[in-house]
Amino acid sequence: MVEGTQISALENRLTELEKENFLLQEKAAFLTCKFYGRSIAQTSSLEIEGQMSFFDEAEN
């Protein structure tokens, strides 16, 4: 019976840690968005003259 209680306690702890992990991932995503703007990936699709277009020319 002791093993059953330990397993139950560990399962509860695992559930708590999974919830905490999810919340921390959400906070990290939110703060990354606040810090860098809407999306870092969008800058590659923008038509930016200057240094950014210089790098695009090397790929063509």
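Residues numbered from 1 in each chain as written. Predicted model: local features only at pLDDT ≥ 70, side-chain atom pairs only at ≥ 80, totals over all residues. Heavy atoms only, no water.

Peer 1: I'd like a description of the overall build of the chain, backed by residues and values.
Peer 2: When you go through the chain residue by residue, the secondary structure sums to two helices and zero strands. The proportion of buried residues among the 60 residues of the chain is 2%. Surface summary for the chain: the accessible area is close to 6,100 Å², and the carbon and sulfur share equals 59%. (Helix = DSSP H or I, 4+ residues; strand = E, 2+ residues; numbered from the N terminus. Buried < 20%, exposed > 50% of the residue type's maximum accessible area, 1.4 Å probe, protein only. Areas by Shrake-Rupley, 256 points an atom, 1.4 Å probe, with all protein chains shown as cover.)

Peer 1: Account for the pattern of salt bridges, with residues named and values stated.
Peer 2: Counted by the stated rule, this structure contains one salt bridge. For Arg 13, the salt bridge identified is with Glu 16, shortest N-O distance 3.5 Å. With Arg 13 and Glu 16 both in helix α1 (residues 2–36) and three residues apart, the pair spans about one turn of that helix. A relative accessible area of 48% means that Glu 16 is categorised as partly exposed. (Salt bridge = Lys/Arg side-chain N within 4 Å of Asp/Glu carboxyl O.)

Peer 1: Would you mind going over α1 in detail, with residue names and values included?
Peer 2: Spanning 35 residues, α1 covers 50 Å between terminal C-alpha atoms, matching the ideal 51 Å at 1.5 Å per step. Of the residues trailing α1, Gly 37 is marked for its positive phi of about 100°. (Expected span 1.5 Å × (residues − 1).)

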